[in-house]
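Residue-level listing of the chains:
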Amino acid sequence: MQPELSTFVQAAMAMGVAGRLAMLRADVEQAIASYPAGDTRYLTRLERQHERLQNPDLELIVRLVTTLCVEDPSRLATVAPIAQSLKGRFPPLAPLATPTALS
């Protein structure tokens, strides 16, 4: 992840993305642990998903921020100014760049 994004990522993690990632990782870990022997295609998919949750990219972080903002629209006020200042260099942030983005 690029250094310019650190402010956004820190704000996202503080607003609940870190907790949501941990919850999702736990769910995937449980699914992997209880996966029956045999066909491994779905297991491979779960393992890839776990890796992505361990190392989230900007698109995943933005999706989780969006979900959290839909759940509690007041959260958008925290990330909208940061997204606004970075959206030119990081297009995935554009949907979060205005206070009315999710309405």
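Residues numbered from 1 in each chain as written. Predicted model: local features only at pLDDT ≥ 70, side-chain atom pairs only at ≥ 80, totals over all residues. Heavy atoms only, no water.

Quick notes on the overall build of the protein
This is how the line gets drawn: Helix numbers and strand numbers start at the N terminus; a helix is a DSSP run of H or I with at least 4 residues, a strand a run of E with at least 2. Exposure is judged per residue with a 1.4 Å probe applied to protein chains only, and the accessible area is read against the type maximum: over 50% gives exposed, under 20% gives buried, and values in between give partly exposed. Two residues qualify as a contact provided that any one of their heavy atoms is within 4.5 Å of a heavy atom in the partner residue.
Helices and strands together make up the secondary structure of the protein, namely 4 helices and 0 strands. The order of α-helices and β-strands along the protein, N terminus first, is α-α-α-α. Viewed in the frame of its principal axes, the protein has a C-alpha envelope of about 50 × 25 × 20 Å. Per-residue burial for the protein yields a buried fraction of 32% across its 103 residues. Across the protein, contacts joining residues at least 24 apart in sequence account for 62% of those joining residues at least 6 apart.

Overview of helix α2 (residues 41–54)
The test is simple: Here the expected length of a helix is defined as 1.5 Å per residue gap, with one fewer gap than residues. Each C-beta atom gives one direction from the helix axis, and the arc is the one those directions make.
Taking 1.5 Å per residue, 14 residues should reach 20 Å; α2 reaches 20 Å between its end C-alpha atoms and fits that length. Every buried residue belonging to α2 is among L43, L46, H50 and L53, and all of these are buried. Viewed along the axis of α2, the buried residues span an arc of 80°, placing them on a single side of the element. α2 presents R41, R45 and R48 as exposed residues on the side facing more than 90 degrees away from its buried surface. Close packing links the buried residues of α2 with α1 (6–33) and α3 (58–71).

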